[in-house]
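Below, each chain spelled out in residue letters.
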Amino acid sequence: MSSGMSSIRPVSWNRYPTTRPRRLVSCCDRQRMALPAGSESCLVFGNGRSYGDVCLNDGGALLLARGLDRFMAFDPATGVLQAEAGVLLADILALAVPQGWFLTVTPGTQFVTLGGAIANDVHGKNHHMAGSFGCHVRAFELLRSDGQRLRCTPEQNTEWFRATVGGLGLTGLITWVEIQLQRIANPWIVAENRRFAHLDDFLTLDREYEDRYPYIVSWVDCAATGRALGRGIYMAGMHAPPGLMKPPPKERRALTVPFAPPVSLVNNLSVGAFNRLYYHLPRPARGLTPYQPFFYPLDKLLEWNRLYGRRGFFQYQCVIPPAVAGESLREILARIAASGQGSMLAVLKRFGARTSGGLLSFPRPGVTLALDFPNQGHRTLALLESLDEVTRQAGGAVYPAKDARMSGDSFRHYYPQWAEFSRYIDPRFSSSFWRRVMRD
Ligand SMILES: Cc1cc2nc3c(=O)[nH]c(=O)nc-3n(C[C@H](O)[C@H](O)[C@H](O)COP(=O)(O)OP(=O)(O)OC[C@H]3O[C@@H](n4cnc5c(N)ncnc54)[C@H](O)[C@@H]3O)c2cc1C
């Protein structure tokens, strides 16, 4: 591990909170990998695609993992891939898709490292069938601050495997990872779009589609009220069968938002107008689409997080158990609409019963809702606290990877396994998130 500043800016994706790590240390010397000398706390920083402070370590050292960027092995006969933990999912797709393989689980951006995908046990549009990322991890190496290197698999060092999958980066440094990919016939997706008029309509559609499509996600109009509360667009997809494909689409360069304006461009007016337009936009009921816009629509606009201005934004993602999903989500959406806050990026999806066994993993059976809120200070914090009231009462949980403000009391309520998990935290490791939720 070599010391020194990197060009990476250690901020999280929502640009809140701002923190000052005491040192940045890049992990790239594979021969002599050891944690920096001294007593300050350490945390690994992947690619900063978390929203909030799970990847931040105010006043401590941040170990920059992107230097661990080598592929180690790939077997095109079995789809087993081994790579260092700083490799991005985008790099894996570039290698695997032309050879007929795809990630078994992918989040909504491909700019995530393998280490980050494990530490948050990320989920994708296929959770109802495939579970979370951790379900497809065959092995990884965990480097502890005492120099121990633990090879962890679901059968070997099982307790370390369970603590590290979804372990928020607190159990040590993941150096390399081995995952199982899934076979695909070609890079195309057969996609279907349906409009739903309100939340009950979504739940009915979901029952109809959940066994037929491996990938399902819905956009929800969080500004709609009354009878239209919870209306949206239902999007389902599957990998295209052999022979069903088109000529490759023309490569278009991604656009970049060049700077963060002083105030958020996402506001009450823009959200209402955009949502009305987006809901009514004509779209094909069924069609063939390349995998990139289907899985990663936001990756086409680089640095889109800057649109929220210099104060940044909050993301709120909760999961509500199936039995009370309808009534609780209606209450959450009603509170958001009444507050006049919320954004165009509101996503609804069902989680299935398959879990990875990660001690602190977020996904659990139920319906998950995720959406962004421009940071309007106290007003936004008060709204999010009131959404927590509903989530807690429903027996749900909030996703730490998307959190910068939940109270310690709420965290411990959502994750009663936290005390058992604490036994596996590396004594040198800590994060701004962990100190926050353990403080109050
Ligand atoms: C546009 C967008 C869409 C998204 N969609 C989804 C989604 O659909 N589903 C979902 O689950 N998430 C989603 N996310 C969140 C994202 O997938 C997670 O936050 C992911 O963990 C970020 O990975 P990262 O490599 O950027 O890690 P960071 O954000 O830098 O770090 C995340 C955590 O991983 C730890 N970590 C990173 N590398 C290592 C390592 N080598 N060893 C030990 N610990 C490590 C860090 O300490 C930290 O706790 C989305 C994010 C964005 C920006």
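It should be noted that the structure appears before, not after, this text.
Presented here is a report on the structure given in the accompanying data block. Counting restarts for each chain: residues are numbered from 1 in the order of the written sequence. Whole-chain, interface and lining totals are the exception, using all residues; otherwise, since this is a predicted model, local features are given only for residues with pLDDT of at least 70 and side-chain atom pairs are given and counted only at 80 or more.

### Some details on the overall build of the protein
Here's step 1: By definition, any uninterrupted DSSP run of H or I lasting at least four residues is a helix, any uninterrupted run of E lasting at least two residues is a strand, and each is numbered from the N terminus. Across its full length, the protein holds twelve helices and 21 strands.
Here's step 2: As defined in this context, the radius of gyration uses C-alpha atoms, and a globule is described by 2.2 Å times the residue total to the power 0.38. Taken against the 2.2 N^0.38 rule, which gives 22 Å for 440 residues, the C-alpha radius of gyration of the protein at 21 Å falls within 12% of a compact globule.
Here's step 3: Projected onto its principal axes, the C-alpha coordinates of the protein cover approximately 60 × 55 × 45 Å.
Here's step 4: The 440 residues of the protein split such that 46% are buried. Exposed residues have 12 or fewer other C-beta atoms within 10 Å of their own C-beta, buried residues have 20 or more, and residues in between are partly exposed; the C-beta atoms are placed from the backbone.

### Quick look at the pairing of strand β14 (residues 232–239)
Here's step 1: Two strands pair when backbone bridges link them, and strand β12 (residues 188–196) and β14 are joined in this way by eight bridges, in the antiparallel orientation. Bridged to asparagine 193 within β14 is methionine 235.
Here's step 2: As defined by bridge partners, strand β13 (residues 215–220) adjoins β14 across six bridges and the pair is classed as antiparallel. Following the sheet pairing, valine 220 is matched in β14 by glycine 232. Here, any two strands with at least 2 DSSP bridges between them count as paired.

### Observations regarding the sheet that holds strand β20 (residues 366–374)
The strands making up a sheet associate through backbone hydrogen bonding, with each pair oriented either parallel or antiparallel.
Here's step 1: Taken in spatial order, the eight strands of this open sheet run β16-β12-β14-β13-β19-β20-β18-β21, and their pairing is antiparallel. Of all the strands in the sheet, the pair left with one neighbour each is β16 (286–290) and β21 (397–398).
Here's step 2: As paired elements, β13 and strand β19 (residues 346–351) share two bridges and run antiparallel to each other. In the sheet register, serine 218 faces β19, and the bridge partner there is leucine 348.
Here's step 3: Those strands touched by helix α8 (residues 325–339) are β18 (313–320) and β20, and its axis lies near 5 degrees from that of β20. We call two residues in contact when their backbone-placed C-beta atoms lie within 7 Å. To get an axis, fit a line to the C-alpha atoms, keeping to the stretch in contact for a helix; angles then go from 0 to 180 degrees between the N-to-C directions.

### Quick look at helix α12 (residues 432–439)
Here's step 1: Buried within α12 we find Ser432, Phe433, Trp434, Arg436 and Val437.
Here's step 2: Where α12 is buried, its residues contact α10 (408–414).

### Let's talk about the nonpolar core
Here's step 1: With 120 residues, the main nonpolar core has Leu63, Ile118 and Val177 as its most contacted residues.
Here's step 2: The element best represented in this core is β18, accounting for six residues. Connectivity within a nonpolar core runs through C-beta atoms within 7 Å, and the core itself is a set of buried Ala, Val, Leu, Ile, Met, Phe, Trp, Tyr and Cys residues.

### Looking at the site of the ligand
Here's step 1: Taken together, 32 residues lie near the ligand, and Gly46, Gly115, Gly116, Ala119 and Gly169 sit nearest.
Here's step 2: Mapped onto the shell around the ligand, the elements with two or more residues apiece are β3 (42–45), α2 (114–119) and β10 (173–180).
Here's step 3: At four residues, α2 tops the list of elements feeding residues into the shell around the ligand.
Here's step 4: Residue composition of the shell around the ligand, grouped by class: 18 nonpolar, 13 polar and one charged. As a rule, any residue with its backbone-derived C-beta atom within 6 Å of a molecule or strand is reported as near that molecule or strand. Classes in brief: Ala, Val, Leu, Ile, Met, Phe, Trp, Tyr, Cys and Pro nonpolar; Asp, Glu, Lys and Arg charged; the others, Gly included, polar.

### Some remarks on the sheet that holds strand β5 (residues 71–75)
Here's step 1: Pairing within the open sheet is antiparallel, and its five strands lie in the order β5-β6-β10-β8-β9. Every other strand in the sheet has two partners, leaving β5 and β9 (149–152) as the edge strands with one partner each. Strand-to-strand, the axes of this sheet are offset by a mean angle of 10 degrees, without reference to chain direction.
Here's step 2: The pairing of strand β8 (residues 137–143) with β10 spans five bridges and is classified as antiparallel. Residue pairing across strands places valine 137 opposite isoleucine 179, the latter belonging to β10.

### Remarks on the environment of glutamine 110
Here's step 1: Following the sequence through the fold, glutamine 110 ends up in the loop between β7 (101–102) and α2.
Here's step 2: Judged by the 20 C-beta atoms lying within 10 Å of it, glutamine 110 falls in the buried class.
Here's step 3: For the pair formed by glutamine 110 and serine 264, sequence separation is 154 residues and the distance between their alpha carbons is 25 Å.
Here's step 4: Residues within four places of glutamine 110 in sequence aside, it is in contact with Leu88, Leu89, Ala90, Leu93, Tyr296 and Asp299.

### With respect to the pairing of β19
Here's step 1: With five of six residues buried, β19 is to be regarded as a mostly interior element.
Here's step 2: The pairing of β19 with β20 spans six bridges and is antiparallel. When the sheet's bridge partners are listed, phenylalanine 351 is paired in β20 with glycine 366.

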